[in-house]
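Chain residues, written in single-letter form:
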Amino acid sequence: MIDVTQYEWLWYWRKYPEAELTEGGILCQPRTGQAYSVVRMPIYMDQEEWEVLALYICDLHNARLKK
């Protein structure tokens, strides 16, 4: 089992216009092509709200890894 706390976290946000659907999350990528979901974006958030929250979470976590 992969310990996601040992890897850098990245955030994303996507919009699927054909389905009028958005999704977002935070993930870690131990190796290229291999990603593990850490957090999923709540469905009620828009891109701007999610970006602020996701950047905050990722920055806190990633700063801890650099110590």
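Structure shown above.
This section reports on the structure supplied with the text. (Residues numbered from 1 in each chain as written. Predicted model: local features only at pLDDT ≥ 70, side-chain atom pairs only at ≥ 80, totals over all residues. Heavy atoms only, no water.)

1. Considering helix α1 (residues 47–65)
- Helix length check: α1, at 19 residues, gives a terminal C-alpha distance of 26 Å against a target of 27 Å (1.5 Å per residue), a fit within 8%.
- When we look at burial in α1, the residues that qualify are W50, A54, C58, H61 and N62. Seen from one end, α1 has its buried residues packed into an arc of 95°, which puts them on one side. In this structure, α1 carries E48, V52 and Y56 as exposed residues pointing more than 90 degrees from its buried face.
- Of the surrounding secondary structure, the elements contacted by the buried residues of α1 are β1 (9–16), β2 (21–31) and β3 (34–40).
- The N-cap residue of α1 is D46: its side-chain oxygen and the backbone nitrogen of E48 are 3.2 Å apart. (Helix = DSSP H or I, 4+ residues; strand = E, 2+ residues; numbered from the N terminus. Expected span 1.5 Å × (residues − 1). Buried < 20%, exposed > 50% of the residue type's maximum accessible area, 1.4 Å probe, protein only. Arc of directions from axis to C-beta. Contact = heavy atoms within 4.5 Å. Polar contact = N/O pair within 3.5 Å; in protein donor to acceptor, adjacent residues only side chain to side chain.)

2. A look at the side chain of H61
- With respect to the helices and strands, H61 occurs in helix α1.
- If we skip the residues at most four places from it in the chain, H61 touches V4, T5, Y7 and W9.

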